[in-house]
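# Structural overview for review
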Amino acid sequence: MNFKIRPATKQDCKEISRMIMELAVYENMSDQVKISHEELERDGFCQNPFFECLIAEVPEEHKSKEGFTIVGYAFYFYTYSTWKGRSQYLEDLYVMPEFRGNGIGKALLSKVTEVGKNKGCVRLQLSVLNWNTPSLDFYAAKGAQDLTVSEGWHFIRFDGKHLDDLAKGAPKN
Ligand SMILES: CC(C)(COP(=O)(O)OP(=O)(O)OC[C@H]1O[C@@H](n2cnc3c(N)ncnc32)[C@H](O)[C@@H]1OP(=O)(O)O)[C@@H](O)C(=O)NCCC(=O)NCCS
């Protein structure tokens, strides 16, 4: 199938927002999605963007049943390893179900790493839910290590009240 991978523009944020929700539904966590397309526009298309996004687009003649031509995305940002230096974190990789198996996921992943390597990044990290074996297999087939298995890392998060409490406890001087 014919498709192209390109950097997202501000105008794509509604479509990215739609696919973020589709991915969250697939992950059985749609109730956790609080982001709006306006926030994506603000945070991804400002002077110091918080994220970058690539989208996969098919020609009109291959549009989805619902009429969408933007059919996948890769959403990532830059992090830093005190051991290795410049790094990327892949927050989301998604291809709409009817377009899977056409090389779009692989093309998005390759393009993210190409962008990163051009900026001197030496690693790409991401997290996958433990039941999502198709995606674990997809990444493993591309050579990814499962760090939970090989090194025992846990994925830790602060948010809500616990985050507020920590921030309130910061020294004021
Ligand atoms: C994971 C995902 C992005 C792959 O996209 P895709 O467009 O279907 O993948 P591709 O067609 O590019 O497949 C690329 C390669 O992976 C292989 N592959 C694809 N799905 C696979 C699967 N479920 N298990 C094993 N291998 C798989 C293909 O055979 C192909 O192999 P090749 O490079 O040797 O030819 C897509 O299935 C998806 O959106 N899944 C749901 C969302 C998700 O779980 N995202 C990841 C978590 S953030």
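Structure report, in brief. Numbers given for residues are sequential positions, taken from 1 along each chain in its written order. Only residues with pLDDT of at least 70 are given local features in this predicted model, and only at 80 or more are side-chain atom pairs given and counted; all residues enter the totals for whole chains, interfaces and linings.

Next up on the list: helix H3 (residues 104–118). Only DSSP runs of H or I covering at least 4 residues are called helices, and only runs of E covering at least 2 are called strands; the numbering of each starts at the N terminus. In this scheme, a helix's expected span is set at 1.5 Å multiplied by one less than its residue total. The end-to-end C-alpha separation of H3 is 21 Å, in line with the 21 Å expected for 15 residues at 1.5 Å each. With C-beta atoms placed from the backbone, a residue is labelled by how many other C-beta atoms lie within 10 Å of its own: buried for 20 or more, exposed for 12 or fewer, partly exposed between the two. Listing the buried residues of H3 in full gives Ile104, Gly105, Leu108, Leu109, Val112 and Gly116. Seen end-on, H3 carries its buried residues on one side only, within an arc spanning 140°. H3 presents Glu114 and Asn118 as exposed residues on the side facing more than 90 degrees away from its buried surface. Here contacts are defined at the residue level, using C-beta atoms placed from the backbone and a cut-off of 7 Å between them. Along its buried surface, H3 packs onto strand E1 (4–7), strand E2 (52–57), strand E3 (70–81), strand E4 (85–95), strand E5 (123–125) and helix H4 (133–141). Gly120 sits one or two residues past H3 and shows a positive phi near 90°. The arc refers to the directions leading from the helix axis to the C-beta atoms.

Attention now moves to the packing of helix H1 (residues 13–26) against helix H2 (residues 37–44). A fitted line through C-alpha atoms represents every axis, and for helices the fit uses only the stretch in contact; the resulting angles, taken between N-to-C directions, go from 0 to 180 degrees. Interhelical geometry of H1 versus H2 gives an angle of 120° and a closest axis separation of 8 Å. Note that H1 runs across H2; the crossing there is right-handed. Where H1 abuts H2, its residues Cys13, Lys14, Ile16 and Ser17 lie against His37, Leu40 and Glu41. Residue classes follow a fixed rule: Ala, Val, Leu, Ile, Met, Phe, Trp, Tyr, Cys and Pro count as nonpolar, while Asp, Glu, Lys and Arg count as charged, and any other residue, Gly among them, counts as polar. Split into classes, the residues belonging to the contact of H1 with H2 amount to 3 nonpolar, 2 polar and 2 charged. Definitions for this section: a left-handed crossing has its near helix turned counterclockwise from the far helix by less than a right angle. A right-handed crossing has that turn clockwise.

The next thing to look at is the site of the ligand. As a matter of local geometry, the ligand sits amid 20 residues, with Arg100, Gly105, Lys106, Pro134 and Ser135 nearest to it. Residue assignment for the shell around the ligand shows that the elements contributing at least two residues are H1, E4, H3 and H4. Broken down by element, the residue count for the shell around the ligand peaks at 5 residues, all from H4. To decide nearness, the C-beta atom of each residue is placed from the backbone, and the residue is near a molecule or strand if that atom lies within 6 Å of it.

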